[in-house]
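This is what each chain is made of:
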Amino acid sequence: MSSARPRTRRTAPAARRSTRLALTVPAALLAAALTACSGGGASGSAAQEGGDGKAPATSISVNLQGKAAAPGGPVKVTLAKGKLASVSVTAGEGGALAGKISADGRTWISERVAAPGTAYTVEAKDADGGSDTATFTTAEAEKVNKLSLAPGKNTTVGIAQPLSVVFDHPVKNKAAVEKALKVSTSNSTEGSWGWLQDYSGKDRIDWRPKDYWKPGTKVTLAAELNGIDTGADGGWFVRDYTTTFTIGAAQVVKVDLDGHRLSLHRDGKQVFQAPMSGGTPGGDKASWRGTAVLMSKEGTINMRSETVGLGDAYDKMVDYSMRLTWSGMYAHAAPWNAGYFGNANRSSGCLGMSDANASALYGQVRVGDPFEITGADAKGTVAEGNGYGAWNVSWADWQTKSALK
């Protein structure tokens, strides 16, 4: 569609002129979109103004137009002649798209993409003070993708806690999504995103540091996802997300399955130890080895063997329950196994202790603390998506799981 080229009458002496900036928009929007504002331009003769005493029109085009513009791409404003002084693109709910004017002053491109189902207003000014306004609305998203974040906002967590994002729907455009996830730390911690499949079967991406976090580190995730298309069967994001958390004391729980003991170490010093009984070796009831991260402190809960595929072996109310994997491995009180503490592994996969010792451990550990589990009496290593098993992958291998590397 060709640009409208309105002209303004001279209302000032010959030494002054007024200019108008015309935005190319669909015919249905022209009447409402273009209302020129007079500006005090540089002085010039009638000959310089085209020979007829009228200022030449200035033309600008916007790449997105109408009431069903395609979302997911940047907004681009192009000036036919002269130089842009400023451009603002604001959303109907008060948000704004930041952008940059090119070196030659002819174009402006937004840094972020236009989101679906959003009305935008473009306001532009040229170097001579002319200004104008245009509007467009993007098409609604046919499907919306959402996510869940861990850890929670404004929490304090242990030194092994990753940033973990689980998506409601599949993510095909992994690179575009990962690029929008911006992690900042108070001490420039080195880390990397890695894509994996959550235990639930959903797509998930975790950010873990190269080594355990340093105590006191402050971490912020700005998930600038509004307007990102996650691909076929995934849908669009229609909002941004943020979370901020702090790393607590350097605590590690060391579990020796073969020696039937566990101990808590803080800042490199042992501060607690207890005899315990792990999972019965030789089958599905064995415990996992490797590094498991404390996912939650759940207190007293009902544990039923059916939920972990062990038939009707047990149905108990269990105190001081500390979840270590999605598959059902906990550390908890297990007074019914008292005869095995310190000398045999005879549980259904969990790390059982006396009431007193479970209470003492429960009171000192924090979500995000690593449980480093060693020993031959295990059924394998904690998988990446079975809780937070990223620490069981080498740093080199973990980096290859990023979609941007």
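Just so it is clear, the structure is predicted and the values come from calculations on it, not from any experiment. (Residues numbered from 1 in each chain as written. Predicted model: local features only at pLDDT ≥ 70, side-chain atom pairs only at ≥ 80, totals over all residues. Heavy atoms only, no water.)

## Quick word on the overall build of the protein
And then number 1: The number of helices and strands found in the protein is four helices and 27 strands.
And then number 2: Within the protein, the fraction of its 405 residues that count as buried is 46%.
And then number 3: When contacts within the protein are restricted to residue pairs at least 6 apart in sequence, those whose partners lie at least 24 apart make up 66%.
And then number 4: Roughly 18,500 Å² of accessible area belongs to the protein as shown, and the carbon and sulfur atoms make up 48% of that amount. (Helix = DSSP H or I, 4+ residues; strand = E, 2+ residues; numbered from the N terminus. Buried < 20%, exposed > 50% of the residue type's maximum accessible area, 1.4 Å probe, protein only. Contact = heavy atoms within 4.5 Å. Areas by Shrake-Rupley, 256 points an atom, 1.4 Å probe, with all protein chains shown as cover.)

## Brief notes about the side chain of aspartate 126
And then number 1: Structurally, aspartate 126 is set in strand β8 (residues 119-126).
And then number 2: A polar side-chain atom of aspartate 126 sits 2.9 Å from the main-chain amide nitrogen of glycine 129.
And then number 3: There is a polar contact of 2.7 Å between the side chain of aspartate 126 and the backbone nitrogen of glycine 130. (Polar contact = N/O pair within 3.5 Å; in protein donor to acceptor, adjacent residues only side chain to side chain.)

## Details of the pairing of strand β7 (residues 107-113)
And then number 1: Pairing of strand β3 (residues 74-79) with β7, which is carried by four bridges, proceeds in the antiparallel orientation. Looking at β7, one finds that threonine 78 is bridged to threonine 107.
And then number 2: Pairing of strand β6 (residues 99-101) with β7 involves three bridges; the strand directions are antiparallel. Bridging from a neighbouring strand, lysine 100 pairs with isoleucine 109 of β7.
And then number 3: Between the antiparallel neighbours β6 and β7 lie five residues, among them glycine 105 with a positive phi of about 75°. (Pairing = 2+ DSSP bridges.)

## Digging into the sheet that holds strand β26 (residues 370-374)
And then number 1: The mixed open sheet is built from six strands, whose spatial order is β20-β19-β18-β26-β21-β27. Both outer strands of the open sheet, β20 (269-275) and β27 (378-381), are each paired with one neighbouring strand and no more. Across the sheet, the mean angle from the axis of one strand to that of its neighbour is 25°, orientation sign disregarded.
And then number 2: As paired strands, strand β18 (residues 251-256) and strand β19 (residues 261-266) are joined by six bridges and run antiparallel to one another. Paired with valine 253 across the bridge in β19 is leucine 264. (Axes fitted to C-alpha atoms, helices over the stretch in contact; angles between N-to-C directions.)

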